[in-house]
Each structure stands twice: as C-alpha cells, then as structure tokens.
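Observations on the three-dimensional arrangement
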Amino acid sequence: MTTDRTLILIRHAKAEPHGSTTDHERCLTERGVLDARAVGEWLREKSLSPDFVWCSTSTRTRETWAAIVEASGVGPIVDHEQRIYDASPRTLLEVLRETPENAHCVALVGHAPGVPAIAAALTEANAAVDFVDHFATSAVAVLRIEGEWADLAPGATELEQVFVGRG
C-alpha cells in the first residue's frame, strides 16, 4: 500500500543583519514576524496542518515557526534539530528520513542554501521552479510524497504549491 504524505519546506523569515549578534542567535525583524504570520495564514487557508515539525535550533527559525503557529492555530510536535542549522541537502535528507512513520504532513523550517537545495533535489525534473536562486525568506514549497519517509530520495516528490509570505 502506498502512502501519500506532504512535506512543507519553509525558509525562515527575514532576520536581523549579519553582525548584529552571532548568526545562530539572530532574531526576526518586524517584517520577518509579519511575513511568517502570512505563511501561517496561508497554511490555514490551504488546510495544511503538519502533524510533525523539524525546526533548526536557530533563533530565527524558532521565531518563524512560533509566528506561523500563532497565525495558523496549528501546534504539532516540534523537534528542534541542531543538524538543520547550516545543513547541506544531504544532511536535510538524512533528517527527513528519520521522520516518525505515523507523520503524514511534515514541515521543515530551515535556512538557505540547504532548504532551497533540498527542494530542488527532491523535485528534480518534476518542477519548473528555480528553488536555488528564487527561494526568498518566508518561502514555502509544498511537496507530495508517495511512500515512506525512510525511503525519501531525490526526484521522488511532486511540487504541489509554492508561496512566499509577505505580511
């Protein structure tokens, strides 16, 4: 039996400039909070409600997810995972393969260039979107997956929707 699953890839919202603090501790700007809330409103409008979330440990990704939750009303289990911070596509794929089997809709909140690169890899030849060059802050890619998380592989997903939150 094939299981349809949904993966929601989210790049964190607009953060303070580099040099304001350590990169890991950079907070969202006011615009970033508004943009993340716009993502949450969009998820609610599209009835996309993750039942599990992978989130980088950085301040800006945690704040992005908090603003999304505030606007959407979703509140699933969140795994704050250090490996997502500054991760390569290969590392992100390893993390996603560890998703609990009972999760059917999963969000991953991370950073560029890793999140755009994993979106490109997972949809390779299936999407006419240039993720690597056009995945702005607060961007979201919704992918459909047939099969198990442990079997996730490049080219194995279909792009369903793309959105950029602008509050």
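Use the structure listed above.
Description of the structure in this document. Position labels on residues start from 1 in each chain and follow its written sequence. With the structure being a predicted model, the display of local features is reserved for residues of pLDDT at least 70 and the display and counting of side-chain atom pairs for 80 or more, all residues being used for whole-chain, interface and lining totals. Think of the side-chain values as coming from all heavy atoms in the structure, minus any hydrogens and water.

**Considerations on the side chain of Arg11**
Short version of the rule: Helix and strand labels come from DSSP, where a helix needs a run of H or I of at least four residues and a strand needs a run of E of at least two; each type is numbered from the N terminus. Relative accessibility under 20% of the residue-type maximum defines a buried residue, over 50% an exposed one, and the middle range a partly exposed one, all with a 1.4 Å probe and only protein chains included. By the counting scheme adopted, Arg and Lys are positive, Glu and Asp are negative, and His together with the chain ends is not counted. A side-chain nitrogen of Lys or Arg and a carboxyl oxygen of Asp or Glu constitute a salt bridge if their distance falls within 4 Å. A 3.5 Å cut-off defines polar contacts: any pair of N or O atoms within that distance qualifies, except that in protein one atom must be a possible hydrogen donor and the other a possible acceptor, and neighbouring residues in sequence count only when both atoms are side-chain atoms.
Looking at the element boundaries, Arg11 is found in strand β1 (residues 4-11). For the buried Arg11, no salt bridge exists, and the shortest N-O distance to an oppositely charged side chain is 9.8 Å, to Asp23. Here Phe135 takes part through its backbone oxygen, which lies 2.7 Å from a polar atom of the side chain of Arg11.

**Observations regarding the nonpolar core**
Heads up, the condition is: In this description, a nonpolar core means a group of buried Ala, Val, Leu, Ile, Met, Phe, Trp, Tyr and Cys residues linked to one another through side-chain atoms lying within 4.5 Å. Here, two residues are considered to be in contact whenever any of their heavy atoms come within 4.5 Å of each other.
Leu7, Leu9, Trp54, Leu108 and Leu122 are the most contacted members of the largest nonpolar core, which has 25 residues in total. Where this core is concerned, the elements lending two or more residues are β1, β2 (52-55), α3 (89-97), β4 (105-110), α4 (114-122) and β5 (139-146). Not counting residues within four places of it along the chain, the set of residues in contact with Leu108 comprises Ile8, Leu9, Ile10, Trp54, Ile84, Leu92, Leu96 and Val115.

**As for the pattern of salt bridges**
Tallying each qualifying case throughout the model produces 10 salt bridges. Here Arg26 and Asp23 are joined by a salt bridge, their closest N and O atoms 3.1 Å apart. Note that Arg83 and Glu98 form a salt bridge whose closest N and O atoms lie 2.7 Å from each other. A residue pair is termed long-range when its members are at least 10 positions apart, and Arg83 in the loop between β3 (77-80) and α3 and Glu98 in the loop between α3 and β4 qualify at 15 residues. The network of salt bridges with shared partners includes Asp23, Arg26 and Arg60.

**Notes on the packing of aromatic side chains**
For clarity, the threshold we go by: Only Phe, Tyr and Trp rings are paired, with Trp represented by its six-membered ring, and only when their centres lie within 6.5 Å; those with planes under 30 degrees apart are stacked, over 60 edge-to-face, the remainder tilted.
A full pass over the atoms with the stated rule returns 3 aromatic pairs. Ring centres of Trp42 and Phe163 lie 4.7 Å apart, and the angle between their planes is 5°; this geometry places the pair in the stacked category. A residue pair is termed long-range when its members are at least 10 positions apart, and Trp42 in helix α1 (residues 30-45) and Phe163 in strand β6 (residues 157-164) qualify at 121 residues. Each ring, one from Phe52 and one from Trp54, has its centre 5.2 Å from the other, and the planes form 75°; the classification is edge-to-face. Each member of the pair Phe52 and Trp54 is classed as buried.

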